[in-house]
Amino acid sequence: MSITRVWIAGAGGRLGSALYHRFSGNTDYKLVTSDRDVPIEDAREAGRFADLNHPDVIINCAGMTDVAECEKNIDEAYRVNAIGVRNVALAANDIDAKVIQISTDDVFDKESRIPYNEFDTVHPRTIYGKSKEAGEKILTQLLNRFVIIRSSWIYGIGRDFVDEVLRNAAKGGTMEVPNNQYAAPTSAFELARVICHFIDNEEYGLYHVVCPGSCSRYEFARTILEYTGKTGDLDLYPVVARDDVRPTYSVLDNMMLRLTGIPEPPDWKTALKEYLEETGGIE
């Protein structure tokens, strides 16, 4: 059986690193990685790396994800999140590679209270969301063989929200957590499993990939403490996030996974419990 060559762009970032560790034990894949050593916003560098390594699939995790920094540096946000995607797409065209682009729930606004599916109209409010939407559009204009994956509240990537709650619990005291922000917490392991499906199969298009269900940040934190038996170690205080830019409701619906018969991840509570058991958070 032939081995699939996979380039993970942005492998030094939290998600890229998590995906690298998930895929690295699989002998079906030959991984090549890049981070700031190959800035995708530089078309020549991206093209040269692709030509040298000739991957069959490019997973683009590279991006400028700091929402506040994107608001301060608009040109740089678009340079990385839009022009960078263009450069990856052009490089993929030259070597006939499939691109799996990692996108975000931030492409939606906060007006709905019904989970967003892939056919809903996007309306980003942040520069981060707008620049990621621009990257999505460019990819669809330049490639036929692509998968865009939108996900949300990904954990299992190092210094994530789960890690933050457990670190605070270890110190004791209190933690303020918004109770007016809703999304679907998603395990990086489950996200990687679905990405493997797209690597191995000739399926293309736009897909939402989240662990089904939704919760507020406050409920998410409370569930983490409950599952790890640390409820008494940290006092959680629900607060109203005073953020008029980021969406307060960005719950995604995996409609395309269901319509095309691709197995969905388990619900968010099941996936969270499995993650905590795997990492030793649950005795």
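In what follows, the accompanying structure is described. A quick note: this is a predicted structure, and the numbers were derived from the prediction, not measured. (Residues numbered from 1 in each chain as written. Predicted model: local features only at pLDDT ≥ 70, side-chain atom pairs only at ≥ 80, totals over all residues. Heavy atoms only, no water.)

1. Comments concerning the packing of aromatic side chains
Working step 1: Inspection of every chain in the model, using the stated rule, returns nine aromatic pairs.
Working step 2: On the numbers, 6.2 Å between centres and 5° between planes, the contact of Trp 153 with Phe 220 is stacked. Here the residue Trp 153 occupies a position in the loop between strand 5 (146-151) and strand 6 (154-155), and Phe 220 occupies one in helix 8 (residues 217-228), the gap between them amounting to 67 residues. Phe 220 shares its class with Trp 153; the two are buried.
Working step 3: Considering the side-chain rings of Tyr 155 and Tyr 275, the 5.2 Å spacing of their centres and the 65° angle between planes classify their relative orientation as edge-to-face. Remark: Tyr 275 occurs in helix 10 (residues 268-278) and Tyr 155 occurs in strand 6; sequence separation between them is 120 residues. (Phe/Tyr/Trp six-rings, centres within 6.5 Å; stacked < 30°, edge-to-face > 60°. Helix = DSSP H or I, 4+ residues; strand = E, 2+ residues; numbered from the N terminus. Buried < 20%, exposed > 50% of the residue type's maximum accessible area, 1.4 Å probe, protein only.)

2. Brief notes about the nonpolar core
Note that soluble globular proteins tend to have their nonpolar side chains buried in a common cluster.
Working step 1: Counting 31 residues, the largest nonpolar core has Phe 23, Ile 59, Ile 100, Ile 149, Ile 195, Phe 198 and Ile 199 as the members making the most contacts within it.
Working step 2: For this core, the elements supplying multiple residues, two or more each, are strand 1 (4-9), helix 1 (14-23), strand 2 (29-34), strand 3 (57-60), strand 4 (98-104), strand 5, helix 7 (188-200) and helix 9 (255-259).
Working step 3: Top element by residues in this core is helix 7. It accounts for eight residues.
Working step 4: Setting aside residues up to four positions removed in sequence, Phe 198 forms contacts with Lys 98, Ile 100, Val 147, Ile 149, Glu 203, Tyr 207, Leu 257 and Ile 262.
Working step 5: Judged by nonpolar contacts, the second largest core, of 24 residues, contains Tyr 218, Tyr 227, Leu 234 and Leu 276. (Core = buried A, V, L, I, M, F, W, Y, C linked by side-chain atoms within 4.5 Å. Contact = heavy atoms within 4.5 Å.)

3. As for helix 7
Working step 1: In this model, helix 7 (13 residues) spans 18 Å end to end at C-alpha, consistent with the 18 Å of a helix rising 1.5 Å per residue.
Working step 2: N-capping of helix 7 is provided by Ser 187, with a side-chain oxygen placed 3.1 Å from the backbone N of Phe 189. (Expected span 1.5 Å × (residues − 1). Polar contact = N/O pair within 3.5 Å; in protein donor to acceptor, adjacent residues only side chain to side chain.)

4. Here's the deal with the side chain of Arg 217
Working step 1: By the secondary structure assignment, Arg 217 is in helix 8.
Working step 2: Of the side chains with opposite charge, Glu 164 lies nearest to the buried Arg 217, which makes no salt bridge, at 6.6 Å.
Working step 3: Ignoring sequence-local partners within four residues, the contact set of Arg 217 consists of Trp 153, Phe 161, Val 177, Pro 178 and Gln 181. (Lys, Arg positive; Asp, Glu negative; His and termini not counted. Salt bridge = Lys/Arg side-chain N within 4 Å of Asp/Glu carboxyl O.)

5. Things to note about helix 8
Residues that lie three or four places apart on an α-helix share one face, since the helix turns once every 3.6 residues.
Working step 1: Taking 1.5 Å of rise per residue, twelve residues should cover 16 Å, and helix 8 covers 17 Å from first to last C-alpha, within 8% of that figure.
Working step 2: In terms of burial, helix 8 is a largely internal element, nine of the twelve residues being buried.
Working step 3: Inspection of helix 8 places Arg 217, Tyr 218, Phe 220, Ala 221, Thr 223, Ile 224, Leu 225, Tyr 227 and Thr 228 among the buried residues, and these make up the whole buried set.
Working step 4: Of the surrounding secondary structure, the elements contacted by the buried residues of helix 8 are strand 6, helix 6 (161-171), strand 7 (174-178), strand 11 (215-216), strand 12 (235-239) and helix 10.
Working step 5: Once helix 8 finishes, Gly 229 follows within two positions and takes phi at roughly 70°, a positive value.

6. Focus on the pattern of salt bridges
Working step 1: Counted according to the given criterion, the structure contains eleven salt bridges.
Working step 2: A salt bridge links Glu 278 to Arg 22; the shortest N-O distance between them is 3.1 Å. Taken as a pair, Glu 278 in helix 10 and Arg 22 in helix 1 lie far apart in primary sequence, 256 residues in all.
Working step 3: Given the relative accessible area of 31%, Arg 22 is considered partly exposed.
Working step 4: Here Arg 145 ties to Glu 202 by a salt bridge, and the two come within 3.8 Å at their closest N and O atoms. Placement of Arg 145 in the loop between helix 5 (127-142) and strand 5 and of Glu 202 in the loop between helix 7 and strand 10 (205-208) is noted, with a sequence separation of 57 residues between them.
Working step 5: Through salt bridges with shared partners, one network takes in Asp 96, Arg 145 and Glu 202.

7. Points about unusual backbone geometry
Working step 1: For His 54, which is not glycine, the phi dihedral falls at a positive 45°.
Working step 2: Here His 54 lies in the loop between helix 2 (43-53) and strand 3.
Working step 3: The class for His 54 is partly exposed, based on a relative accessible area of 41%.

8. Things to note about the sheet that holds strand 1
Working step 1: If you trace the six strands from one edge of the open sheet to the other, you get 2-1-3-4-5-10, paired in parallel fashion. This sheet does not close on itself; its edge strands, each paired only once, are strand 2 and strand 10. Going from strand to strand, the sheet's axes swing by 20° on average, the running direction of each strand aside.
Working step 2: Contacts from helix 4 (residues 74-95) reach strand 3 and strand 4 within the one sheet, and its direction differs from that of strand 3 by about 175°.
Working step 3: Strands strand 1, strand 2, strand 3, strand 4, strand 5 and strand 10 of the sheet are contacted by helix 7, whose axis makes an angle of about 150° with strand 4. (Pairing = 2+ DSSP bridges. Axes fitted to C-alpha atoms, helices over the stretch in contact; angles between N-to-C directions.)

9. Points about the packing of helix 1 against helix 7
Working step 1: Axis separation between helix 1 and helix 7 bottoms out at 10 Å; the angle between their running directions is 65°. For the element pair helix 1 / helix 7, the angle class is roughly perpendicular. Crossing handedness for the pair helix 1 and helix 7: right-handed. Between helix 1 and helix 7, the residues in contact are Leu 15, Ala 18, Leu 19, Arg 22 and Phe 23 and Ala 188, Phe 189, Leu 191, Ala 192, Ile 195, Cys 196 and Ile 199, respectively.
Working step 2: By residue class, the composition of the contact of helix 1 with helix 7 is eleven nonpolar, no polar and one charged. (Parallel < 35°, antiparallel > 145°, perpendicular 65-115°, else oblique. Left-handed = near helix turned anticlockwise from the far one by under 90°. Nonpolar A, V, L, I, M, F, W, Y, C, P; charged D, E, K, R; others polar.)

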